[in-house]
Amino acid sequence: EVQLVESGGGLVQPGGSLRLSCAASGFTFSSYRMNWVRQAPGKGLECVSYISPSSSSIYYADSVKGRFTISRDNAKNSLFLQMDSLRAEDTAVYYCAREGPMGNYFDYWGQGTLVTVSS
Amino acid sequence: QSVLTQPPSVSGAPGQRVTISCTGSSSNLGAGYDVHWYQQLPGTAPKLLIYGNNNRPSGVPDRFSGSKSGTSASLAISGLQAEDEADYYCQSYDSSLSGYVFGTGTKVTVL
């Protein structure tokens, strides 16, 4: 059974940093592109970053470029999102999502971790 | 940013058929990129409902169907049930943004 479990969310002040983790199990992690998708309270979905299986290809949405860093550890079946210079508008539930075998869609999602940026 | 436009809400009585539209542009749906659909029940993570325009993952009832034509796509729910009350999002790839984009989301209410 595919499982994605996020952790690391919490309350942080504007300008602060946070590191999210996603523990994957039930599939060959090193074979799949992985994504971080966020959802602000009462709002829609936004793909903020993705990383290819070998980490050779990385994408960031303009809204987080230069502030967020995605990485993965295939040996530990883990995905990470380092978030620096956090802003109030980064407040959201952050989901880890696996990209489907045929690409360009998200076939499995974690339960999400809430990041709140507030003073 | 949402570059795919959906109606904010649709509603129907149990047993009825409802459709949700998703309108894009020449850099996403119109460029030939597939559309995918997700269902998000209250307080839960999104769930893949339709992929590759009209394919259902294992376990998704055949009451759900998808279609795409040009810069538009639609999700149809036939035989509407109370448990279908949720938010629905379309998603695709956008070549001008070089990234994945979601629709604005549609809340389905079962009357």
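Draft legend 1. Inspection of the sheet that holds strand β6 (residues 72-77) of chain B at higher detail. Residue and element names in this part refer to chain B. The strand order β2-β6-β5 describes an open sheet built from three strands, whose pairing is antiparallel. Whereas interior strands pair on both sides, the edge strands pair on one side only; in this sheet they are β2 (18-23) and β5 (64-69). Strand-to-strand twist across the sheet, computed as the mean angle between neighbouring axes with direction ignored, equals 15°. Pairing analysis gives six bridges linking β2 to β6, with the strands arranged antiparallel. Of the residues in β6, the one forming a bridge with valine 18 is isoleucine 77.

Draft legend 2. Region of interest: the interface of chain A and chain B. Taken together, the contact pairs 21 residues of chain A with 17 residues of chain B. The junction of chain A with chain B conceals about 1600 Å² of combined surface from both sides, 61% of it contributed by carbon and sulfur atoms. The largest contributions to the chain A side of the interface with chain B come from A:Leu45, A:Asn104 and A:Tyr105, which together make up 35% of the buried area. The tally of links from chain A across to chain B stands at zero salt bridges. Among the elements that take part in the side of chain A that touches chain B, strand β5 (residues 45-51) of chain A stands out by supplying four residues, more than any other. Considering only residue class, the side of chain A that touches chain B consists of 10 nonpolar, six polar and five charged.

Rules used throughout
- Per-chain numbering applies: the sequence of each chain, read as written, is numbered from 1 onward.
- The lettering of chains begins at A and the numbering of ligands begins at 1, in the order of writing.
- Restriction of local features to residues with pLDDT of at least 70 applies here, the model being predicted, together with a cutoff of 80 or more for giving and counting side-chain atom pairs; totals for whole chains, interfaces and linings are based on all residues.
- Think of the side-chain values as coming from all heavy atoms in the structure, minus any hydrogens and water.
- For two strands to be treated as a pair, DSSP must find no fewer than two bridges joining them.
- Working definition: helices are DSSP H or I runs of at least four residues, strands are E runs of at least two. Numbering for both runs from the N terminus.
- In this analysis an axis means a line fitted to C-alpha atoms, helices contributing only their contacting stretch, and an angle means the value between N-to-C directions, from 0 to 180 degrees.
- It only takes one pair of heavy atoms within 4.5 Å for two residues to be counted as in contact.
- Summed over both partners, the accessible surface that disappears when two parts come together, traced with a 1.4 Å probe, is what is meant by buried area.
- Basic side-chain nitrogens of Lys or Arg form a salt bridge, by our definition, when they fall within 4 Å of a carboxyl oxygen of Asp or Glu.
- Think of it as three bins: nonpolar holds Ala, Val, Leu, Ile, Met, Phe, Trp, Tyr, Cys and Pro, charged holds Asp, Glu, Lys and Arg, and polar takes everything else, Gly as well.

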